[in-house]
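Descriptive analysis of the structure
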Amino acid sequence: MESTVTIATFRDIFQNEAEKKSRYSEEYRGLSAQIILDKQDMANLGVKDGQNVLVKNEVGRIVVTAKTSEDDPHPGLAFMVKSPWSNHLIEDDICEMSSPEFKKTSVQVSPSGEDITQISELYLRMKA
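As a starting point, this report considers the structure included with it. (Residues numbered from 1 in each chain as written. Predicted model: local features only at pLDDT ≥ 70, side-chain atom pairs only at ≥ 80, totals over all residues. Heavy atoms only, no water.)

**Details of the pairing of strand 3 (residues 52-56)**
Along any regular strand the residues' side chains alternate between the sheet's two faces. For clarity, the threshold we go by: In this scheme, a residue with accessible area under 20% of its type's maximum is buried, one over 50% is exposed, and one in between is partly exposed, where area comes from a 1.4 Å probe on protein chains only. Numbered from the N terminus, helices here are DSSP runs of H or I no shorter than four residues, and strands are runs of E no shorter than two. In short, DSSP must find at least two bridges between two strands for them to pair.
With four of its five residues buried, strand 3 lies for the most part within the structure. Pairing analysis gives five bridges linking strand 3 to strand 4 (residues 61-68), with the strands arranged antiparallel. Note on strand 4: the bridge partner recorded for Val 55 is Ile 62. What sits between strand 3 and strand 4 in their antiparallel hairpin is a turn of four residues. As paired elements, strand 3 and strand 6 (residues 105-111) share four bridges and run antiparallel to each other.

See below:
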């Protein structure tokens, strides 16, 4: 099962503090390598809270943890913290305002048995 959603990225103070300690820590990865999905989108995918999902588009491919949103319903809209994981899905081209499109990135999400993409792998991909 696969679902198309639009990702909006955001900043998170807890993730920011974890990054200051170490970008390679489990705490940072846990706060950064996740996608927050609407309850209905989770149900449509057959994914439970904490399960890994593949998130991909024409720009990149990552595996992160799915988290159920506690907000009001927002089917088709997902959220990711600004991080190396979400950045891996963002076009390098800049928009008219001279910044990448962090608020309307379309991706396909599907359940995955793969491990979360390691930050070291993301850095290697950026060098290629």
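**With respect to the environment of Ile 119**
Heads up, the condition is: Contacts between residues were defined by any pair of non-hydrogen atoms, one from each residue, lying within 4.5 Å.
Within the secondary structure, Ile 119 is located in helix 5 (residues 119-127). Assessed through its relative accessible area of 6%, Ile 119 is described here as buried. Sequence-wise, Ile 119 and Ser 83 are 36 residues apart; in three dimensions their C-alpha atoms are separated by 9.7 Å. With residues near it in sequence (within four places) discarded, Ile 119 still touches Arg 23, Tyr 24, Tyr 28, Pro 84 and Trp 85.

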